[in-house]
Amino acid sequence: MIEFIDVAYEYRTAGGSVPALRGVSTTLAPGELVTVLGPNGSGKSTLARLANGLLHPSEGRVVVDTIDSTDAARVWDVRSRVGLVFQNPDNQIVATTVEEDVAFGPENLGVERESMHQRVRNALATVGLSGLEQREPHTLSGGQKQRLAIAGALALAPAYLVLDEPTAMLDLQGRADVIDVLGRLRDAGTGIMHITHHLADAAAADRVLVLTGGSVVYDGVPATLLADTRLMQRCGLTLPPVGRLAEELRAAGVDVPPDALTAESVVAAL
Amino acid sequence: MSLTLAGVRHTYAAGTAFATDALAGVDLSFEPGELVLVLGATGSGKSTLLRVAAGLLTPLSGSVEIDGRSVDGPLAVVEPGVGFVFQSPEMQLFAETVEADVRFGPLNQGLTEDEAHHRATRALEAVGLGAEEFGSRSPFTLSGGEARRAAIAGVLAMDPGYLLLDEPTAGLDVEGREAVREIVARSRRRAGVVVVTHDAEEFLGSADRVILLCAGRVTFDGPADELVQSPERFAEAGLKAPEMLLAQMLARDAGLKLARLSLDPAEAALLIARAREGAR
Ligand SMILES: Nc1ncnc2c1ncn2[C@@H]1O[C@H](COP(=O)(O)OP(=O)(O)OP(=O)(O)O)[C@@H](O)[C@H]1O
Ligand SMILES: Nc1ncnc2c1ncn2[C@@H]1O[C@H](COP(=O)(O)OP(=O)(O)OP(=O)(O)O)[C@@H](O)[C@H]1O
Ligand SMILES: [Mg+2]
Ligand SMILES: [Mg+2]
């Protein structure tokens, strides 16, 4: 379990300090998929960086499987339990070929050669990058880089996986594929925190956490949030067009559930 | 100002083991006052197309003309008059403060400090970054969405005649996407706007024209409504159709006789209701 206990975080800059999070208490359990939503600058990426000890809270505590994230002796223990996919995939590229880039993490964890090849191959196949093993990561397209970053995290097979807007530059099929993969990992016991601006992604989650201005405004099941227009407004969220179609149909007497945010789920109700 | 690409082909790392055909013979023109969407799967060549159109990349063959003037030679700078927002905003931010970053373009165009400052303030407002709060911040300390907004502001401040935007809404929240839609709507009155995006639903309703790119080839180039009425074109280009259209396609598959497809939820619901009555 990852526990955030009354966490505050402030960035220090030349011109003073920028408060990014305050009073945040939440958890991520193994086998749980939590979607994190919230406006630009609301503290989502900060929360992600706190989860694996990249940042230490200014106040409060972050505890990973009973290890305090500030425990200097256990830094690598925390890092290896919590995999992080950065918002900007360029920040994650460490090697000069796609293949080596994916192998980098497992290699550092001491995974042996034979099983590593398998891991790398599987991870690249899962994200659809097979065939590009020898390419220089910097020559990939935006979406290909994003897929590479996801492959790197998959190859690590961490207990918890925090993904910071992993689908922001993917095509719609790519987005759907990633949501599928996250669902499968969750079913296999991985704790997943998925940061996104796509409200539709929340429908697949066990829990939704919404941040605004650095504070938690909602932490609960998706259906309750999606059924409450006022609450969504307060969270700075609006339904995607297919969600509004569902709303219109509901008003016309069709029984469409509030968390129907895919074409299939809306049409199933007709 | 019009932009014309004729017979454009581009292969990266040509002649090496990593040769990648990114554009395989593209003929296109963009006219002033027109909003054109470019859609395509990951790696289909969208960013390459935009870089070529901006004069940032010289294609292996074919020609690019701006107002009948040929753009050739390894320019590696954006053509004057063309505003280009990169897919990755970090590529574009470089100054010590956000304000200095946005002011750089207009200053470079020869405007006075005062005018440049005025332009910067207005551009930052348009993207929803208050100059008070963000102006003196280092651009490298911005959140992902804030950085994209700053990059867009930097281009807006130059008041370009042509606006080329690569994934302008990626990573933006509801308010940020709204701001970009407004910027696009305002710009197209004076300029041409080309938007490369995976968020088709964001712009399909207002676009004049849509181009589908698949493996470096144009597979569709026509009015947005023509594409909406024949959504199977998406699959032909290796794309999943937007969820709104998919829902109506599935409804048709299930036997509902929809008169037409609509991007507007209220209208689509009405058409579905009528079709259901008709089926009774
Ligand atoms: N290194 C930094 N120095 C100073 N302020 C920072 C730094 N990084 C982030 N901030 C500020 O902290 C706040 C939270 O940033 P964070 O990156 O966590 O937001 P976010 O929710 O991930 O936003 P986005 O949706 O745009 O990615 C923002 O106001 C941001 O400007
Ligand atoms: N410098 C390079 N060297 C080799 N191949 C490259 C280079 N730059 C791009 N490519 C390849 O060219 C193809 C087209 O890339 P481009 O960036 O235009 O795609 P895109 O449509 O913008 O994709 P995305 O939606 O992921 O941003 C991709 O297969 C990419 O890997
Ligand atoms: Mg972020
Ligand atoms: Mg691109």
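Please read all numbers here as calculations on a predicted model, not as lab measurements.

### What about the interface of chain B and chain A?
- Contact with chain B, which involves 40 residues of that partner, is made by 41 residues of chain A.
- Across the chain B/chain A interface, buried area totals approximately 3,200 Å², and carbon plus sulfur atoms make up 63% of it.
- When residues of chain B are sorted by the area they lose upon contact with chain A, T42, H198 and K240 of chain B head the list and together hold 17% of the total.
- Elements that contribute at least two residues to the side of chain B that touches chain A include exactly helix 5 (144-156), helix 6 (174-190), helix 10 (243-253) and helix 11 (265-279) of chain B.

### Regarding the site of ligand 2
- Taken together, 19 residues are adjacent to ligand 2, and R135, S141, G143 and Q144 of chain A together with T48 of chain B come closest.
- In this structure, ligand 2 is bordered by residues of chains A and B.
- A distance of 2.7 Å is found between an oxygen atom of ligand 2 and a side-chain nitrogen or oxygen belonging to K46 of chain B.
- At a separation of 2.8 Å, an oxygen atom of ligand 2 approaches a polar side-chain atom of S47 of chain B.
- Alone, ligand 2 offers 640 Å² of accessible surface; in the complex the protein occludes 90% of this.
- Counting residues per element, the ones that place at least two in the shell around ligand 2 are helix 5 (142-156) of chain A together with strand 2 (20-30) and helix 1 (46-53) of chain B.

### Quick look at the coordination of the magnesium ion (ligand 3)
- At this site the magnesium ion (ligand 3) is bound by S45 of chain A (OG) and Q87 of chain A (OE1), with donor distances of 2.0 to 2.2 Å. You can see S45 of chain A sitting in helix 1 (residues 44-51) and its partner Q87 of chain A sitting in the loop between strand 6 (82-85) and helix 3 (98-108), a full 42 residues away along the chain.

### Some remarks on the pattern of salt bridges
- Using the criterion set out here, one finds 26 salt bridges over all chains in the structure.
- Measuring nitrogen to oxygen at the nearest pair gives 3.0 Å for the salt bridge that ties R175 of chain A to D199 of chain B. Separated into two different chains, R175 of chain A in helix 6 (residues 172-187) and D199 of chain B in the loop between strand 8 (192-196) and helix 7 (200-203) make up a pair that spans both.
- Of the charged contacts, one joins K240 of chain B and E243 of chain B as a salt bridge, the two residues approaching to 3.1 Å between their closest N and O atoms.
- K240 of chain B sits in the partly exposed class, given a relative accessible area of 23%.
- By relative accessible area, E243 of chain B is classed as buried at 15%.
- One network of salt bridges, in which partners are shared, links D65, R74, D77 and R81 of chain A.

### A word on the sheet that holds strand 8 (residues 191-195) of chain A
Residue and element names in this part refer to chain A.
- What the six strands build is an open sheet, ordered 6-7-8-3-9-10; its pairing is mixed. Sheet topology places strand 6 and strand 10 (215-220) at the edges, where each strand pairs with a single neighbour. Going from strand to strand, the sheet's axes swing by 15° on average, the running direction of each strand aside.
- Of the pairings in the sheet, the one linking strand 7 (residues 160-164) to strand 8 comprises five bridges and is parallel in character. By the bridge assignment for strand 8, L163 is matched with H194.
- Contacts from helix 1 reach strand 3 (33-37), strand 6, strand 7, strand 8 and strand 9 (207-212), with the element oriented near 155° to strand 8.
- Strands in contact with helix 6 are strand 3, strand 7 and strand 8; relative to strand 8, the strand with the most contacts, it is inclined by about 155°.

### Quick word on the site of ligand 1
- Near ligand 1, the surroundings consist of 21 residues, among which K44 and T46 of chain A together with R137, S143 and E146 of chain B are the closest.
- S45 of chain A is positioned such that a nitrogen or oxygen atom in its side chain is 2.8 Å from an oxygen atom of ligand 1.
- Computed on the free molecule, ligand 1 has an accessible area of 640 Å², of which 92% lies beneath the protein chains in the complex.
- Contributions of two or more residues to the shell around ligand 1 are made by strand 1 (2-13), strand 2 (16-28) and helix 1 of chain A together with helix 5 of chain B.
- Residues belonging to the shell around ligand 1 are distributed by class as follows: four nonpolar, 13 polar and four charged.

### Some thoughts on the domain arrangement of chain B
All names here are of chain B.
- Domains assigned within chain B are domain 1 (3-239) and domain 2 (242-280).
- Each of domain 1 and domain 2 has a C-alpha centre, and these two points are 34 Å apart.
- Facing the 10 residues of domain 1 at the interface are eight residues of domain 2.
- Taken over both partners, the interface formed by domain 1 and domain 2 buries close to 760 Å², and the fraction arising from carbon and sulfur atoms is 70%.
- Where domain 1 meets domain 2, there are one salt bridge.
- Measuring nitrogen to oxygen at the nearest pair gives 4.0 Å for the salt bridge that ties R260 to D225.
- Between the two partners, domain 1 and domain 2, sit three residue pairs in polar contact (both at pLDDT 80 or more).
- Elements with a minimum of two residues in the side of domain 1 that touches domain 2: helix 7, helix 8 (224-229) and helix 9 (232-236).
- Here the residues of the side of domain 1 that touches domain 2 sort into five nonpolar, two polar and three charged.

About the cut-offs
Positions within a chain are numbered from 1, following the residues in the order the chain's sequence is written. Chains and ligands are labelled sequentially in the order written, the chains with letters from A and the ligands with numbers from 1. Local features in a predicted model are, by the rule used here, given only for residues with pLDDT of at least 70; side-chain atom pairs are given and counted only at 80 or more, and totals for whole chains, interfaces and linings are based on all residues. Excluded from the side-chain calculation are hydrogens and water; included are all heavy atoms of the structure. Whether two residues are in contact is decided by their heavy atoms: any pair within 4.5 Å suffices. Put simply, buried area is the surface a 1.4 Å probe can reach on two separate parts but cannot reach once they are joined, added for both. Each helix is a run of H or I in the DSSP string that is no shorter than four residues. Each strand is a run of E no shorter than two, and both are numbered from the N terminus. The rule for a residue being near a molecule or strand is that one of its heavy atoms must lie within 4 Å of it. For the purposes of these results, a polar contact is taken to be a pair of N or O atoms within 3.5 Å, where, inside protein, one atom must be able to donate a hydrogen and its partner to accept one; residues adjacent in sequence count only when each atom of the pair is a side-chain atom. Surface accessibility in these figures is a Shrake-Rupley result with a 1.4 Å probe; residues are shielded only by whichever protein chains are displayed. Atoms of type N, O and S within 2.8 Å of a metal are treated as its donors, and for Na, K and Ca the window is 3.2 Å; water is not considered, so some sites may appear to be missing partners. For this analysis, a salt bridge means a side-chain nitrogen from Lys or Arg found within 4 Å of a carboxyl oxygen belonging to Asp or Glu. Burial classification: accessible surface area is computed with a 1.4 Å probe over protein chains only, and a residue below 20% of its type maximum counts as buried, one above 50% as exposed, and the rest as partly exposed. Note on pairing: DSSP must find at least two bridges between two strands before they are called paired. Only the stretch in contact is used when fitting a helix axis, every axis being a line fitted to C-alpha atoms; angles between N-to-C directions are given from 0 to 180 degrees. Side-chain classes follow a simple rule in which Ala, Val, Leu, Ile, Met, Phe, Trp, Tyr, Cys and Pro form the nonpolar group, Asp, Glu, Lys and Arg form the charged group, and the remainder, Gly included, forms the polar group. The domain boundaries here were taken from an automatic or database domain assignment.

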